[in-house]
Amino acid sequence: RSPADIDTIIPAMTIVGDTDEERYNEREFVRASMSFYGSTPNYAFIWDEAGFEGTPARLREKQKAGDMAGMMAQISDDHIAAFATESTWDDLADKLIAKYEGVASRVVLYNALGGSDRFERYGEIARRLCLPTRRAPG
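Along every chain, residues carry numbers that run from 1 in the direction the sequence is written. In keeping with the model being predicted, local features are shown solely for residues with a pLDDT of at least 70 and side-chain atom pairs are shown and tallied solely at 80 or more, while totals for entire chains, interfaces and linings include all residues. Based on all heavy atoms of the structure, the side-chain values leave hydrogens and waters out of the count.

A. Molecular detail of the sheet that holds strand β1 (residues 9-16). Read across the sheet, 3 strands follow the order β2-β1-β3 without closing on themselves; strand pairing throughout is parallel. Of all the strands in the sheet, just β2 (84-87) and β3 (106-109) have a single pairing partner and so form its edges. Averaged over all adjacent pairs, the angle separating strand axes in this sheet is 40°, with direction ignored. Should DSSP find at least two bridges between two strands, the strands are taken to pair. Secondary structure follows DSSP: runs of H or I at least 4 residues long count as helices, runs of E at least 2 residues long count as strands, and numbering of each begins at the N terminus. Note: β1 against β2, 4 bridges, orientation parallel. Counterpart to T14 in the pairing with β2 is T85. Axis lines are fitted to C-alpha atoms, over the contacting stretch for helices. Their N-to-C directions set the angle, which ranges from 0 to 180 degrees.

Below, the structure is given as structure tokens:
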């Protein structure tokens, strides 16, 4: 098959909110998620390729000790900036397009969680990502 015939689906972690407090709470959720996933040996190569060698080993050490706070403390703002997209609601679609256009044929909004208001807002982001100039979701 041609690579053009294959969909590249990327789960994108987002930190979104219109206030610093909203984004702080989202950032800490992402930090916790990244500390869990980063402790998985199968993901070590991703951290290494991003320039964060040794992070998974440090996370596993804290995990084995039952130190969840210590795991989260291993995830720096640089880690988050490399693996997540942070934005206000108004700018999120544009930031995701800038980051993933030409790389991903689909983006899964990994942490599109919360109440119905947030779900609707993420729905609007998804609609903006699927404008007619882009591939429609299948």
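So much for the structure itself; the text now carries on.
B. A look at the packing of helix α1 (residues 20-38) against helix α3 (residues 55-64). Relative to each other, α1 and α3 sit at 95°, their axes nearing to 8 Å. If you check the angle between α1 and α3, you find them roughly perpendicular. Here M34, S35, F36 and G38 of α1 lie close against α3, whose contacting residues are P56, L59 and Q63. Any angle that is under 35 degrees is reported as roughly parallel, and any over 145 degrees as roughly antiparallel; angles of 65 to 115 degrees are reported as roughly perpendicular and all others as oblique. Contact criterion: two residues are considered in contact whenever any of their non-hydrogen atoms come within 4.5 Å of each other.

By themselves, these observations are geometric and do not establish any function.
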